[in-house]
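Observations on chain architecture
Take a look at the letters that make up each chain.
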Amino acid sequence: MSKSGAKKIQAIRGMNDLLPSDSPRWQFFEAKVRTLMQRYGFDEIRMPIVEQTALFARSIGEVTDIVEKEMYTFEDRNGDSLTLRPEGTASCLRAAMEHGLLYNQTQRLWYQGPMFRHERPQKGRYRQFHQVGVEAYGFDGPDIDAEVILLSARLWQELGLSEHVTLELNSLGSLEARAAYRETLVAYFNEHRALLDEDSLRRLESNPLRILDSKNPDMAAMLDAAPQLLEHLDDESREHFEALKRMLEAAGVQYVINPRLVRGLDYYSRTVFEWTTTALGSQGTVCAGGRYDGLVEQLGGKPTPAVGFAMGIERLILLLDTLALVPSEALGGSDVYLLALDDSATTEALTLAERLRSELPELALTLHCGGGSFKSRMKKADKSSARIALLLGEDEVASGSVTVKFLRDDREQRQINQRELATILPELLTR
Ligand code: ATP
Ligand code: MG
């Protein structure tokens, strides 16, 4: 309690602040993603974070974890039911349909941003978290499935994660094949009814495939022995899946078939995949996606094939941290700390800083602000991340020079003409 008796206001549980010490890692990751998307010909789209509740209920499915218990849904002042987006696929498709992006054309889109789910917060699981998502519309062949998987594989490679993630693949077949399989599966589950937990009994009516997804160890043996969807695929889906596997093999991407991979959302058909890691405990899926050819029609559009994935940025950053894979040059901070030795040179320091920023646009330079004794100024320089301090005192101002002090290396300080700084400074920083 503070003096006034007011309780301190804190962030909402499961919603994280990204502190200055965290953001360089995020920027490093985001920069990699942005370049990669450009290299693969995917265009960025940005959607609002709030949508009509019906969009998610209709697309993700009424009987899914997300819609049943995880959505942040509220009434706005007009009495409309709105929801903070729990994922991006539905919003992206809504935007594409609304703006005619699916009309006689294909699209390769990507987005990034916060998603909201009311889950139990724990390591790698938050209530506001961030995803990078990719969606491709209008392609029905397996080549685009391979292409989005290859894109993700290249990201792992660039981040140094390839050895630490596994691609799990499955096919859910066509909607018809799934419906037939569903009956087989329900019959099997009914035979083993005594082994089903409460959640599964409830899903038996509404969404029996999701039972395969259950992590309940008591059900594991029974689920392993269940009839497999892959054995009930329609011919076209089987061909699609075989072709995808051949393409991945040709491109040198390894995978494992996981016949129990069904994904939590209703809209998938044919290809589904997850990239998983064992380095993060039970929150091991870092990227998940698949094909959802029926969704556009389900949302009132013309049938349009679609495939995509979403990756969880927090989990990927956790993974990079756990494996110490963030390169030190990606940790941010300044290269140079420029300070006046006393207040008499403050203005000169300020104008020199501006000149250097004009001459060296790549340079990260922090100007000392806030005065203080010489000692406290030097302390600030030391505490900064800078490798070099530039000192400006009466003498330096008079002679048009600056004193270069090496903060991290055992090197003699030296005085340089201010006009030569723009050429010498980059050299000093690379050595
Ligand atoms: P999980 O099985 O872990 O709950 P999910 O199937 O609900 O995942 P998707 O909806 O497919 O996840 O989302 C894609 C990715 O987004 C996940 O693989 C994960 O990396 C990330 N993700 C999902 N929910 C969260 C969350 N609450 N906090 C952090 N990251 C999340
Ligand atoms: Mg989930």
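A brief report on the enclosed structure follows. These figures come from a predicted structure and were not determined experimentally.

A few points about helix α12 (residues 346–359)
Helix length check: α12, at 14 residues, gives a terminal C-alpha distance of 20 Å against a target of 20 Å (1.5 Å per residue), a fit within 8%. Burial in α12 covers these residues: A349, L352, A353 and L356. The arc enclosing the buried residues of α12, seen along the axis, measures out at 105 degrees, which places them on a common side. Facing away from the buried surface of α12 by more than 90 degrees, the exposed residues are T347 and S358. Turning to α12, the residues buried within the fold contact β12 (336–340), β13 (365–367), β14 (388–392), β15 (401–406) and α15 (421–430).

Observations concerning the sheet that holds β12
Two pairing modes exist for strands in a sheet, parallel and antiparallel, and in both the strands are linked by backbone hydrogen bonds. If you trace the 5 strands from one edge of the open sheet to the other, you get β13-β12-β14-β15-β16, paired in mixed fashion. Where the open sheet ends on each side, the last strands, each with one partner, are β13 and β16 (414–417). Averaged over all neighbouring strand pairs, the angle between strand axes comes to 30 degrees, with direction disregarded. Bridge analysis of β14 against β15 gives 4 bridges, and the strand direction is antiparallel. Following the sheet pairing, L391 is matched in β15 by T403. Packed on one face of the sheet, helix α13 (residues 374–383) meets β12, β14 and β15 and runs near 170 degrees to β12. Across the sheet, α15 is in contact with β12, β14, β15 and β16; its angle to β16 comes to roughly 140 degrees.

Quick look at the sheet that holds strand β11 (residues 306–312)
Judged by pairing direction, the sheet is mixed, and its 8 strands sit side by side in the order β1-β5-β6-β11-β10-β9-β7-β8 without closing on themselves. Each edge of the open sheet carries a strand with a single partner, namely β1 (43–44) and β8 (256–257). Where strand β7 (residues 166–171) and β8 come together, 2 bridges link them in parallel fashion. The residue of β8 that forms the bridge with E168 is V256.

Some words on the environment of E329
Residue placement: E329 occurs in the loop between α11 (313–322) and β12. By relative accessible area, E329 is classed as exposed at 70%. As a C-alpha pair, E329 and P24 span 305 residues in sequence and 9.6 Å in three-dimensional space.

Section: the pattern of salt bridges
Applying the stated criterion to the full structure yields 23 salt bridges. Across the pair E44 and R34 runs a salt bridge whose closest N-O atoms are separated by 3.4 Å. With E44 in strand β1 and R34 in helix α1 (residues 23–39), this residue pair connects regions lying 10 residues apart in the sequence. The partner of R210 in a salt bridge is D65, and the shortest N-O contact between them spans 3.7 Å. A residue pair is termed long-range when its members are at least 10 positions apart, and R210 in the loop between α7 (198–206) and α8 (220–224) and D65 in helix α3 (residues 65–70) qualify at 145 residues. According to the relative accessible area criterion, R210 is buried, its value standing at 8%. One continuous salt-bridge network, built from bridges that share partners, spans D65, K69, R203, R210 and D213.

Description of the site of ligand 1
Around ligand 1 sit 15 residues, and of these R117, E119, R125, R263 and T285 come closest. A distance of 2.7 Å separates an oxygen atom of ligand 1 from a polar atom in the side chain of R117. In the model, an oxygen atom of ligand 1 is placed 2.3 Å from a nitrogen or oxygen of the R263 side chain. Protein chains shield 88% of the accessible area of ligand 1, which is 590 Å² for the free molecule. Of the residues forming the shell around ligand 1, the biggest block, 4 residues, is contributed by strand β10 (residues 285–291). Looking at side-chain class alone, the shell around ligand 1 contains 6 nonpolar, 4 polar and 5 charged residues.

Examining the packing of helix α5 (residues 142–159) against helix α9 (residues 235–250)
The contact between α5 and α9 brings their axes to 9 Å, and the two run at 40 degrees. As the angle between them shows, α5 and α9 are arranged oblique. Where α5 crosses over α9, the handedness of that crossing is right-handed. Residues P142, D143, D145, A146 and I149 of α5 lie in contact with α9, whose contacting residues are H240, A243, L244, M247 and L248. Of the residues that constitute the contact of α5 with α9, the class distribution is 7 nonpolar, 1 polar and 2 charged.

Thresholds applied
Residues numbered from 1 in each chain as written. Chains lettered and ligands numbered in written order. Predicted model: local features only at pLDDT ≥ 70, side-chain atom pairs only at ≥ 80, totals over all residues. Heavy atoms only, no water. Helix = DSSP H or I, 4+ residues; strand = E, 2+ residues; numbered from the N terminus. Expected span 1.5 Å × (residues − 1). Buried < 20%, exposed > 50% of the residue type's maximum accessible area, 1.4 Å probe, protein only. Arc of directions from axis to C-beta. Contact = heavy atoms within 4.5 Å. Pairing = 2+ DSSP bridges. Axes fitted to C-alpha atoms, helices over the stretch in contact; angles between N-to-C directions. Salt bridge = Lys/Arg side-chain N within 4 Å of Asp/Glu carboxyl O. Near = heavy atom within 4 Å. Polar contact = N/O pair within 3.5 Å; in protein donor to acceptor, adjacent residues only side chain to side chain. Areas by Shrake-Rupley, 256 points an atom, 1.4 Å probe, with all protein chains shown as cover. Nonpolar A, V, L, I, M, F, W, Y, C, P; charged D, E, K, R; others polar. Parallel < 35°, antiparallel > 145°, perpendicular 65-115°, else oblique. Left-handed = near helix turned anticlockwise from the far one by under 90°.

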